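# Per-entry structural report
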Amino acid sequence: MLIFGLFIFWTSHALSSEAGGESEIKRTVSSVAGTADHSMFEVLDQEFDYAPDVTEACLECHTEASKQVHKTFHWQWGKDVDGIKVGKSENAFNNYCVAAKGNASCTQCHAGYGWRNDDFELDAEENVDCLVCHDTTGTYKKSANTSGHPYYEDTMVGGKLQKAIDLKYVAQHVGEPGRENCLACHAVGGGGNGVKHGDTDLSLINPDFALDVHMSPEKLNFTCQTCHTENEHKISGRYYDRKAFIDHELNKGQADRMGNNVSCESCHSATPHEEREINNHTAKVACTSCHIPEMARGPYLTKLSWDWSTAGQLKDGKPFTIEEEFDGVENHSYMSKKGTFVWGKNVVPEYRWYKGELKQKTLLDTIDPAQAPIDINPPTGDYNDPDARIWPFKIHRGKQPYDTELNHILPIRLYGRPGTGAFWTEFDWGKALAAGAESNNVEFSGHYGFIETNGYWPIKHMVAPADDAVACESCHSRESRLNGLNDFYLVGRDSNTLVEYYGAFAIFGGLLGVLFHALLRIISIRRRRNNQK
C-alpha cells in the first residue's frame, strides 16, 4: 500500500506539473485533494452500498484518522467535568430539544454512523464518518431515520425526493472541509437554520462584506478553520471542560493556539486601534461587544424563545402549524410538535461578564423552582475578575418540562415509532417524559410541570466592518446597552451623589481658583504700576 500511495503521489504531481505552473499552484493551495486525486485510488474504485465500508477504505491509507477522531469532542460528545460526564452524549441539556440521547434524529449530526443507543460502539474505527466533513460534492446527506447513516435509497423527505447517495462518487471527491461541511450541522442545530446561535446561519457560506468581514469572499475569504485551527482532528474552541481562550496573554499569536483555543487577540493583538483610549477598553470589553452590533444580521431569523408547555395541541386529531411574520420574515410561531416561538433578526445582544467558561447544569442537578428562570449554562466572571470581559450573548428563553417532585429537568423522547413514547408520534407528555428519562438514565417521579429557563450563547461571528461598530453613546448614555451590568460605574450611564458633588466641586473650585488667581495678578500689576509712579 505504501508503494501504491507513493505511486499515486508521484502521478498526481506529474500530472499537475504537465498542466503548467498556474494549474500546479491551484492544486497546491485549493484543498487536501490537491496532493492526491482520490478518483485514482483503486480502493475507492468500487460501488459502496454501506457507508462504514467507505471508512474502512479510507483507513487503508489514513491509518490513524479514526483513532484521532475518537479522542475528539466531535466524536465523544462529552467531557469529564468534576468527575461527571457532560455533553450531548450524557447529562447535558438545553432549552431547545432538551437532550440528544435517545433521539435518533439528533445523531444525524454526529460524526459517525449508527449512534442510536448505548449499544453504539464508540471504539469501532469503521463507525467514523469521514465523508460528512470531507465531502466536496455537496451531495452527501445523512438521514435522521438511520442515526446518521446516509440515504441508501431514494426517500421522500419533507415532501421532496432525496436521492440515494452515490458513495463511490463522494469518496472519490473528498477534500479539505469547507464552510458547507461545518455549517451543515453548526448552522442548523436546534431544529433549523439559525435557530440556536444568533451569529451562525447558512448565510455564512457566502456572506457579504457587510455581514462578516472575515468570511466574505470580497476581502479575506476565511474558512471556518482559519480561526478554528485543527490538530490531529481536534478543533480549537470552547468545550465543556475547556475555556474558549485559556488566558489573556495578548499578542500570543495563532501558532501557539493551534487546536486548543481561539481568540480575537490571537491575530489582532491587545492594541489594534490607533487611539489609545479605545485600546484601553480591551482590559474589560471583548472585541465582539463593539464589533458585532446586532445578532442575526443576515437574511435569516434566530429563535429567541421556545415554550414547550403549549406543545401537543391538535386540530381534528392532527398536528398543525401557525405562521407569523417576524421582522419582515415569515416563520412558524406555533407547532403542535414543539410549542410556541418568538423569532427575531438584527437583534441587539445582551451583555454579561465572561471569561470563556460556561457553567453547564446537568440532568442530575437539583433545581429550585422558586429561582426561575433557571440559568442552564451561565457565563462565569465579574468586574473584579481580571480574566473576564464584557461579552455579547444571545439569551434564549425557554419553558421546558421538569420533575415537580424530584426538582430536576426532564429530557423528552421526541423521535420514534408508535409505541416508543415519542412525543412527535403520540403527543402524550407522560409517555414522552418517561421514555426520555429512561433513555438518559434519569429518575422520573411521574409528576411534571414546566419551568422557565435561560440558555446562554456567546456571540462571536458575523463581525461587522469597522464603520458599523457600536457607537460610544450606545453604552455611555442613560439608555445604555449595558444596563444589565450594574457591578461597576459606567461613565455617561451611572450617577453617584458623592462623585457628582466631587466633580462639581472640582470643576467650579478650579474655575474659582483661576478667577481668584487672575484677580490677584490684576491687583499685583496695579500696585506695581502705582509704586513706579
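Residues numbered from 1 in each chain as written. Predicted model: local features only at pLDDT ≥ 70, side-chain atom pairs only at ≥ 80, totals over all residues. Heavy atoms only, no water.

## Topic: the overall build of the chain
Short version of the rule: Each helix corresponds to a stretch of at least 4 residues labelled H or I by DSSP, and each strand to a stretch of at least 2 residues labelled E; elements are numbered beginning at the N terminus. The criterion used for residue contact is that any of the two residues' heavy atoms lie within 4.5 Å. Accessible areas in this description were obtained via Shrake-Rupley with a 1.4 Å probe; residue shielding takes into account the shown protein chains only.
The helix and strand tally for the chain stands at 15 helices and 14 strands. Partitioning the contacts of the chain with sequence separation of at least 6, the portion at a separation of at least 24 is 66%. For the chain, the accessible surface area stands at approximately 28,200 Å², while carbon and sulfur atoms represent 53% of it.

## A word on the environment of G356
This is how the line gets drawn: Each residue is assigned to one of three classes by its accessible area relative to the maximum for its type, calculated with a 1.4 Å probe on protein chains only: buried under 20%, partly exposed between the two thresholds, exposed over 50%.
Assignment of secondary structure puts G356 in the loop between β11 (350-354) and β12 (374-375). Accessibility expressed as a relative area gives 0% for G356, which makes it buried. Through-space distance from the C-alpha of G356 to that of Y239 is 9.8 Å; in sequence the pair is 117 residues apart.

## Things to note about the UniProt feature "transmembrane region" (unreviewed entry) in the chain
Rules: UniProt positions are given in the numbering used here, feature names are shortened, and annotations may be inferred rather than shown by experiment.
As annotated by UniProt and renumbered to match this structure, "transmembrane region" (unreviewed entry) occupies residues 501-523. Along residues 501-523 the backbone is 100% helical and 0% strand, and the end-to-end C-alpha distance reaches 32 Å.

## Quick word on the pairing of strand β8 (residues 321-326)
The criterion, for reference: Think of it this way: DSSP has to see at least two bridges between two strands before they count as a pair.
Note: β8 against strand β9 (residues 329-335), 6 bridges, orientation antiparallel. Residue pairing for β9: I322 is matched across the bridge by Y334. Here β8 folds back onto β9 in antiparallel fashion, the turn holding 2 residues, of which D327 has a positive phi close to 50 degrees.

## Some remarks on the pattern of salt bridges
Which entries qualify depends on this criterion: Any Lys or Arg side-chain nitrogen found within 4 Å of a carboxyl oxygen on Asp or Glu counts as a salt bridge.
Counted by the stated rule, this structure contains 12 salt bridges. Put simply, K142 and D129 hold a salt bridge, and the shortest N to O gap is 2.8 Å. Of the two residues, K142 is situated in the loop between α6 (131-134) and β3 (155-157) and D129 in the loop between β2 (84-86) and α6; the sequence distance between them amounts to 13 residues. For D129, a relative accessible area of 3% puts it in the buried group. Each of D45, E47 and K168 takes part in one network of salt bridges that share partners.

## A look at the nonpolar core
Proteins that are soluble and globular tend to have nonpolar side chains buried together. Filter applied, for reference: Definition used in this section: a nonpolar core is a set of buried Ala, Val, Leu, Ile, Met, Phe, Trp, Tyr and Cys residues joined via side-chain atoms within 4.5 Å.
By size, the foremost hydrophobic cluster in this structure holds 33 residues, and its most contacted members are V98, W308, I409, I412, L414, F423 and W429. Every element with two or more residues in this core is listed here: β10 (339-344), α13 (423-426), α14 (429-439) and β14 (448-458). Here the element with the most residues in this core is α14; it accounts for 4 residues. Contacts of F423, omitting those with residues within four sequence positions, involve A311, G312, S336, K337, I412, R413, L414, D428, W429 and A432. With 20 residues, the next largest nonpolar core counts A36, L44, A57 and C58 among its residues.

## A few points about unusual backbone geometry
Peptide bonds are, in most cases, trans, and in most cases residues other than glycine have a negative phi. In this model, A372 is joined to P373 through a cis peptide bond whose omega is 5 degrees. Position of P373 relative to the elements: it lies in the loop between β11 and β12. Look at W77: it is not a glycine, yet its phi comes out positive at around 55 degrees. Looking at the element boundaries, W77 is found in the loop between α5 (73-76) and β1 (79-81). Its identity is not glycine, yet M462 carries a phi of approximately 60 degrees, on the positive side. Overall, the relative accessible area of 1% leaves M462 in the buried class.

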